[in-house]
Structure formats: structure tokens, C-alpha cells
Amino acid sequence: MLGVIGINHKSAPIAIREKFAFSIDQIQEFTSILLSSGFSGVVILSTCNRTEIYFDGAAMLNGSAATVLIEKLKSYKNLTQDIQKFFYIHTGKEAVLHVFNVVCGYDSLALGEYQIVGQVKEAYRIADEQKTLSKVLSRLFHKAFETSKKVRTTTEMNRGAASVSYAAVELANRTFCDLKSKRILLVGAGQTSELVVQNLKKRGCTDLRIVNRTFERAQNLAERYNGLAIDMALLQTAVAESDIVITSTGSQVALITETMVADIMAQRADLPLFFVDLSVPRNVDDRVAKIANVSVHDVDALQAVVAETFERRHSQLETGRAIINEFVVDFLSWLNTQKLQPTIKLLHDNFAEVQKAEIESFRKFNQNAASDDDLERFGERIAQQYVNHLIRNVRELTQNGQNEAYLGMLNQLFLLNKKA
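Visitor: I tried to follow the packing of aromatic side chains on my own but got confused; where do I start?
Guide: Aromatic rings in a pair are described by how distant their centres are and how their planes are angled relative to each other. The full count for this structure, using the stated rule, is 11 aromatic pairs. Ring geometry for Tyr54 versus Phe141: centroids 5.1 Å apart, planes at 85°, classification edge-to-face. Of this pair, Tyr54 sits in strand E3 (residues 50-57) while Phe141 is found in helix H6 (residues 135-154), placing the two residues 87 residues apart along the sequence. A single burial state applies to Tyr54 and to Phe141, both of which are buried. When the centroid spacing of 6.1 Å and the interplanar angle of 50° are considered together, the rings of Tyr124 and Phe141 count as tilted.

Visitor: Could you clarify how one ought to interpret the sheet that holds strand E4 (residues 88-91) in this entry?
Guide: Strand pairing in a sheet is mediated by backbone hydrogen bonds. Such pairs are either parallel or antiparallel. One open sheet accounts for 4 strands, arranged E2-E3-E1-E4; its pairing is antiparallel. Unpaired on one side and paired on the other, strand E2 (39-46) and E4 mark the two borders of the sheet. Neighbouring strand axes in the sheet, compared pairwise and without regard to direction, differ in orientation by 15° on average. Looking at chain direction, strand E1 (residues 2-8) and E3 are connected through 7 bridges and run antiparallel. Each residue of the ladder has a partner; that of Leu2, found in E3, is Asp56. Packed onto the sheet, helix H5 (residues 115-129) meets E2 and E3 and runs at close to 145° relative to E2. On the sheet, H6 packs against E1, E2 and E3 and is oriented at approximately 135° with respect to E3.

Visitor: Can you walk me through the packing of helix H2 (residues 24-35) against helix H3 (residues 65-76) in this structure?
Guide: Two packed helices can be described by the angle between their axes and the distance between those axes. One way to put it is that H2 packs onto H3 with a least axis distance of 11 Å and a crossing angle of 135°. With respect to their mutual orientation, H2 and H3 come out oblique. In terms of crossing hand, the pair formed by H2 and H3 is right-handed. Taking contact as the criterion, the partners of Gln26, Glu29, Phe30, Ile33 and Leu34 in H2 are, on H3, Leu69, Lys72, Leu73 and Tyr76. Considered class by class, the residues forming the contact of H2 with H3 number 6 nonpolar, 1 polar and 2 charged.

Visitor: Honestly, the environment of Arg321 in this entry has me stumped. Any pointers?
Guide: As for its placement among the helices and strands, Arg321 is situated in helix H13 (residues 317-365). As for Arg321 and Cys104, which are separated by 217 residues in sequence, their C-alpha atoms are 9.6 Å apart. Only 2.9 Å separates the side chain of Arg321 from the side chain of Glu318, close enough to count as a polar contact.

Visitor: Got a minute to help me understand empty space enclosed by the protein in this structure?
Guide: To find leftover empty space, one rolls a probe the size of a water molecule over the atoms. Counting across every chain of the model gives 1 cavity of 30 Å³ or more. The computed volume of the largest cavity comes to approximately 110 Å³. Lining of the largest cavity is provided by 13 residues; of these, Thr47, Cys48, Asn49, Glu113 and Gln119 occupy positions nearest its centre. Ranked by residue count, the leading element in the lining of the largest cavity is H5, at 3 residues. Of the residues belonging to the lining of the largest cavity, the class tally is 4 nonpolar, 7 polar and 2 charged.

Calculation rules
Residues numbered from 1 in each chain as written. Predicted model: local features only at pLDDT ≥ 70, side-chain atom pairs only at ≥ 80, totals over all residues. Heavy atoms only, no water. Phe/Tyr/Trp six-rings, centres within 6.5 Å; stacked < 30°, edge-to-face > 60°. Helix = DSSP H or I, 4+ residues; strand = E, 2+ residues; numbered from the N terminus. Buried < 20%, exposed > 50% of the residue type's maximum accessible area, 1.4 Å probe, protein only. Pairing = 2+ DSSP bridges. Axes fitted to C-alpha atoms, helices over the stretch in contact; angles between N-to-C directions. Contact = heavy atoms within 4.5 Å. Parallel < 35°, antiparallel > 145°, perpendicular 65-115°, else oblique. Left-handed = near helix turned anticlockwise from the far one by under 90°. Nonpolar A, V, L, I, M, F, W, Y, C, P; charged D, E, K, R; others polar. Polar contact = N/O pair within 3.5 Å; in protein donor to acceptor, adjacent residues only side chain to side chain. 1 Å grid on protein atoms, 1.4 Å probe; cavity = no way out; pocket = protein on both sides within 12 Å on 5 of 7 lines; lining within 4 Å. Points joined across faces, edges and corners; volume = space filled by probe spheres on them.

Geometry only, nothing functional implied.
Here is the structure:
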């Protein structure tokens, strides 16, 4: 069974989503649990807007793969509450369509955003590196990337800025009117932070400071955009010296605490402090928003800004969906042919045994027959002709593997022949 369970910005608020965020180490740990529970392949995608687990469920799960997975997830995250109501489950064709929509940016907070492609490719890379990909999942994601490329090159979905990074800068600009004179601190030096920096530079911002757990990464990003790298040990000082703080890290705990900001604001008089937290789990403690002259915006608060770009891209949706549907049909056709492989192997094995037996019988009663090599080639040719003929008929009869009732009957037929 091919499927996906997930939670995203549409199915749950950030307070729930952050409970299901995964670090790389956690991905490795949890996928190991799933593989030992009967799954033949797993890919985990964890971003600020979604956590999704794509799976290839082995036959031993008897169609209950999604239920097993949710229970395993609940146990792994040490949760006792009912979590299934926050999750969506897709299997078969619906799962394939969902994956393709995700990679094309059709399921993103910012419609058509391109950042999701890099995030899914990273999830795929991790799964490949940890050897948790099955043949089906590998093919699925390769086709999804191919689909995304065609959608983005054929339509105009990439026109106009539509990303969480853009929305964060746009929100700050609407609050302060002019960002050029503002002191801006970025906490984190990953892909999201770099996209934020690029959008800030387009606004003419020059006073950019970057803090990161690994100083070298902060330094590298700062050098490329004429910013200033600051050691993480000086985080509180850096926040105190800023007007706008935009966070995007993989930290599992809040880096900006209520106590830290309360101490900072005691020294700032009435000077406001503006936070945009793009991290999941959140990097800014939600109690910080209660402090006077402090405003905190998480990824869910950006939806109104992002919604404005939807109308500009809406006209391109149907063209892109038609492309996606073509690739879905192509993938499902391939997937169905995989169901035929055991039957085809049985056919080959069955006729190979018949060939061998008949040649031995022929030799026994025809001592003056041609050489053994000639007989082998003769037998193989006869067997291959019959196999090819039968495979064509099997493909037609089973509608290329879709009619599983006929497929099961054929499998039983040739297994019985082998036992006879």
C-alpha cells in the first residue's frame, strides 16, 4: 500500500503542528521503528508548514498501514490526546496526487512557492542516505520532481513573489513602512533565512545581522550579503540591538524566552520590538507576545499576506493541474505494471521448467539428436515465444495489472502448475 499521513497549516494550528516536527536524528530514529514494524519504505518531510510521512506499506500490514503509523507516531511523540483528527490520510491514487501537488507548490501556504521543492528533495536525500526508500517511493518522488519542473516551466506559477520568506518581509514592511533604516536580526542561516535576506536586500535593507548555532554558517551567509555574523552566545545582546528579529532554525526549544525579552524591553523604554517566527517548533516563546511594545507573528499569521498572491496565480492553476494529472496517470500505469511482475516471473519459471523437462525427455529417446547447445537454444526459443504470447494476453486481460481479481487467479494457476 502506497500512502501518506500528514498535518499541515490547513489541518492544524502551529501549536499542534510543532509537536510533530522532526529533526534529522529523529527522522532516522522513527523511520527505523517503522521499517521494523512492517513498512518497506518511508520518507519524512518536516517543514514550518507541514509534517508528512510517505510510506510504502508491506503486505503484512493488511491495509492498516496508516492506522499503524499514526499509533507509532503518537507513541514516539509521547502524546496521549486524540491526534488523528488533525491528520489527513491518502492512499493509492489520492496519495500520488497529493505528493505531486505538494512538490508543485499547490498545497503550500504560498501557492506555487518554489522552496518546497528543495525541502522535499532534502527529505528524499535523507531517506536515500538512510536507505529507507523502496523502489516505489523512489520512482514516486523522481516523477514528482519531473512534474514540478514541467509545471513551473510550462505555466507562470513562479511569477510574482509568493513564499513564507517573502510574506515575512512584506509583513515587516507594512508595519514599519520603510525597512531601510531598521536594524534587522536573522536567527538561523539555512535556506529560509537566505531567502529572507534576499527579499530584505530587494527592499534596500543594509543593517543585517545573522546569528546561528554554527558560527561559520552565519559568517558565510553574512559575507555573501554584506551582513554581520554574530556568535550565538551573544543572542540576547543582538536581539536588544535590533528592531526586527526573524527566526528560522531547527531548534526543538524556544531560543527567545519571556525572561530574555522582558529584560531587553526594560532597557528599551518604549522602543518596539518586532518578531517574525518562521520556525516549527516555534523559536519565540508564545508568552513573549504578552510583553508591552512587543509583537510576535508566527507562520500562521502570514496567511493573509500570502493570500493576496493567490489571485495573481489562480489563472495558472488549471493548466498546472492538467499537467499533474497526466503525470499521475503515467505513474499509476507504471505502478500497476509492477503488480504483474510476480505473474510474469512465474510464467518464465514455469516454462523454463517445462523446457528443461522436455529437452531431457527428448534426449532420452533421441540419442542422435543435435548438440546439447542446439537443443537448449531450440527449447529456449519455444519457451520464449509462448511466454511472450501469454504476457501480451495477461496484460490485456488484467488491464495492465489493474484487475487484481484476474491477477490473483493467474498467480494461483501458475503456482499450482509448479507444484504439480
